[in-house]
Amino acid sequence: MTENPMGRQRSGWRYKLYRAGRGIRRNWGLYLLLLPAVVLLFCFNYLPMYGVQIAFKDFSPSQGIQGSPWVGLANFQKFFNSFQSKNLIWNTVSLSLYSLIAGFPFPIILALMVNQIRVKRFKQVLQVVTYLPHFISTVVMVGIMLILLSPSNGIYGNLARALGVQNPANIMGEASAFQHVYVWSDVWQHAGWDSIIYIAALAAVDPSLYEAATVDGASKIQRLWHIDLPFLIPTAVILLIMRAGNVMNLGFEKVYLMQNPLNTSISEVISTYVYKIGMISNQYSLSAAVNLFNTVINFVLLILVNGFSKKLGDTSLW
């Protein structure tokens, strides 16, 4: 037997480094395939972190990042002392939690429904119909919503007048309706696509479990409750943890396209605020500080939810 070059010591960092190097040499082809993804991840996710320091500087494009003076936490204080900060944070958190509560169960329910269908042709058609909205671009999606919900010539307006309403309300212009329109249109668009991973998890269920349950007299509801759901729980927990790490992140494009002067009090969230003060008002340091605050909150939530899940069960990201 070949002697271990690290000697008998098998717990130190040198031995671990040796094991890692040996694994790379044995599977160099797989690591070569992985290399382009790692390079792209490093270039687009880690290199830009160098610019995060402008959140602590009074950044000027003419002076550059290194030439701009340090101001410490002044940009953060400026944001938290502004009259908009509380409203922005509340709008972002409330809309994100609403999206999570309304949108997270629907893919699970859809996957359970699809799994119960035994007619193959109908099952395929249902899956295609529910998947297709995911491929509609955000701009086209918002355009469809504006046309359908138009009080003058949209389906909503024509239907309301047919029912005797002379002046239909402008739904897209009402602040109270913004969150509902945003969330439920998002659920309709992405529920089918998000259900794919749950359908894949259900495909791994051993058919003999269903047969045994049927022999024992279990109904469809009982088989769903005692067989399907336990198989979905680990996958659902992992996806919930990942969603919790993006609570403060909302789709900028859709929110921005749905905004108008009538609903800004509810539709103005951190992502749109960062865009406006950074790209339009040229307040680069303030926008970087707000975005960094947003990222830190997401990171903390990810750690807390993962730790909470780990204590309650065996499912966690790490």
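Below you will find a few notes about this structure. Given the structure is predicted, the values throughout are model-derived calculations rather than measurements.

On to the overall build of the chain, then. The number of helices and strands found in the chain is 17 helices and zero strands. For 318 residues, the compact-globule estimate of 2.2 N^0.38 gives 20 Å, and the chain exceeds it by more than 25% at 26 Å. C-alpha extents for the chain along the principal axes are approximately 90 × 75 × 35 Å. Per-residue burial for the chain yields a buried fraction of 33% across its 318 residues.

How two helices sit against one another is set out by the angle between their axes and by the gap between those axes. For the pair helix H11 (residues 196-203) and helix H13 (residues 220-244), the least separation of the axes is 9 Å and the interaxial angle reads 140°. As judged from the angle between their axes, H11 and H13 are oblique. Relative to H13, H11 is oriented so that their crossing is right-handed. Residues Ile197, Tyr198, Ala201 and Leu202 of H11 form the contact with H13, whose own contacting residues are Asp228, Leu232, Thr235, Ala236 and Leu239.

Turning next to the environment of Trp70. Take Trp70: it is sitting in the loop between helix H3 (64-67) and helix H4 (74-81). Note: C-alpha distance between Trp70 and Leu262 (192 residues apart in sequence) is 39 Å. The contact partners of Trp70, leaving out residues within four places of it in the chain, are Gln53, Phe56 and Lys57.

Moving on, we come to unusual backbone geometry. The phi torsion at Asn282 lies on the positive side, around 60°, for a residue other than glycine. Inspection of the secondary structure puts Asn282 in the loop between helix H16 (270-280) and helix H17 (284-312). Asn282 sits in the partly exposed class, given a relative accessible area of 45%.

With that settled, the discussion passes to the nonpolar core. Note that soluble globular proteins tend to have their nonpolar side chains buried in a common cluster. Of all hydrophobic cores here, the largest spans 19 residues; its most connected members are Phe104, Ile108, Leu112, Tyr198, Leu202 and Leu232. Elements that contribute at least two residues to this core include exactly helix H6 (105-116), H11, helix H12 (207-215) and H13. Residue contacts for Leu232: discarding those within four places in its chain leaves Ile108, Leu112, Tyr198, Ala201 and Leu202.

Evaluation of the coordinates by the stated rule reveals two salt bridges. For the salt bridge of Lys254 with Asp186, the shortest nitrogen-to-oxygen distance reads 3.5 Å. Of this pair, Lys254 sits in helix H14 (residues 252-258) while Asp186 is found in helix H10 (residues 175-194), placing the two residues 68 residues apart along the sequence. Look at Lys254 and you get buried, because its relative accessible area is 6%. A relative accessible area of 24% means that Asp186 is categorised as partly exposed. Between Glu268 and Lys276 there is a salt bridge; the shortest N-O distance is 3.0 Å.

Structurally, Trp318 is set in the segment after H17. Sequence separation of Trp318 and Gln84 is 234 residues, and the distance between their C-alpha atoms is 37 Å. When near neighbours in sequence (up to four residues on either side) are disregarded, Trp318 contacts Leu302, Ile303, Asn306 and Lys310.

Moving on: the packing of aromatic side chains. In total, this model carries 13 aromatic pairs according to the counting rule given. Look at Phe79 and Phe293: their rings are 6.2 Å apart centre to centre, the planes differ by 50°, and that puts the pair in the tilted class. Residue Phe79 is found in helix H4, and its partner Phe293 is found in helix H17; the two are separated by 214 residues along the sequence. On the basis of relative accessible area, Phe293 is assigned to the buried category, the value being 17%. The structure contains a cluster of three or more aromatic residues connected by ring pairs, namely Phe79, Phe80, Tyr273 and Phe293.

Right, let's get into the environment of Gly173. With respect to the helices, strands and loops of the structure, Gly173 is situated in the loop between helix H9 (155-162) and H10. Along the backbone, Gly173 and Met258 are 85 residues apart, and their C-alpha atoms lie at a distance of 9.2 Å.

Running from N to C, H16 and H17 cross one another at 165°; their axes reach a closest spacing of 8 Å. The angle between H16 and H17 places the two elements in the roughly antiparallel class. The interaxial crossing formed by H16 with H17 has left-handed handedness. Across the interface between the two elements, Ile270, Tyr273, Val274, Ile277 and Gly278 of H16 pack against Tyr284, Leu286, Ser287, Val290, Asn291, Phe293 and Asn294 of H17. The residue inventory of the contact of H16 with H17, partitioned by class, reads eight nonpolar, four polar and no charged.

There is a patch of nonpolar side chains on the surface, built from Ile24, Trp28, Leu30, Tyr31, Leu32, Leu33, Leu34, Leu35, Val38 and Val39 and spanning about 1,000 Å² of accessible area. Tallying contributions element by element places helix H2 (residues 28-46) first for the nonpolar patch, with nine residues. The residue Tyr31 is located in helix H2 in this model.

About the criteria used
- Residues numbered from 1 in each chain as written.
- Predicted model: local features only at pLDDT ≥ 70, side-chain atom pairs only at ≥ 80, totals over all residues.
- Heavy atoms only, no water.
- Helix = DSSP H or I, 4+ residues; strand = E, 2+ residues; numbered from the N terminus.
- Rg over C-alpha atoms; globule rule 2.2 N^0.38 Å.
- Buried < 20%, exposed > 50% of the residue type's maximum accessible area, 1.4 Å probe, protein only.
- Axes fitted to C-alpha atoms, helices over the stretch in contact; angles between N-to-C directions.
- Parallel < 35°, antiparallel > 145°, perpendicular 65-115°, else oblique.
- Left-handed = near helix turned anticlockwise from the far one by under 90°.
- Contact = heavy atoms within 4.5 Å.
- Core = buried A, V, L, I, M, F, W, Y, C linked by side-chain atoms within 4.5 Å.
- Salt bridge = Lys/Arg side-chain N within 4 Å of Asp/Glu carboxyl O.
- Phe/Tyr/Trp six-rings, centres within 6.5 Å; stacked < 30°, edge-to-face > 60°.
- Nonpolar A, V, L, I, M, F, W, Y, C, P; charged D, E, K, R; others polar.
- Patch = residues over 30% accessible without salt bridge, like charges linked within 9 Å, V, L, I, M, F, W, Y side chains within 5 Å.
- Areas by Shrake-Rupley, 256 points an atom, 1.4 Å probe, with all protein chains shown as cover.

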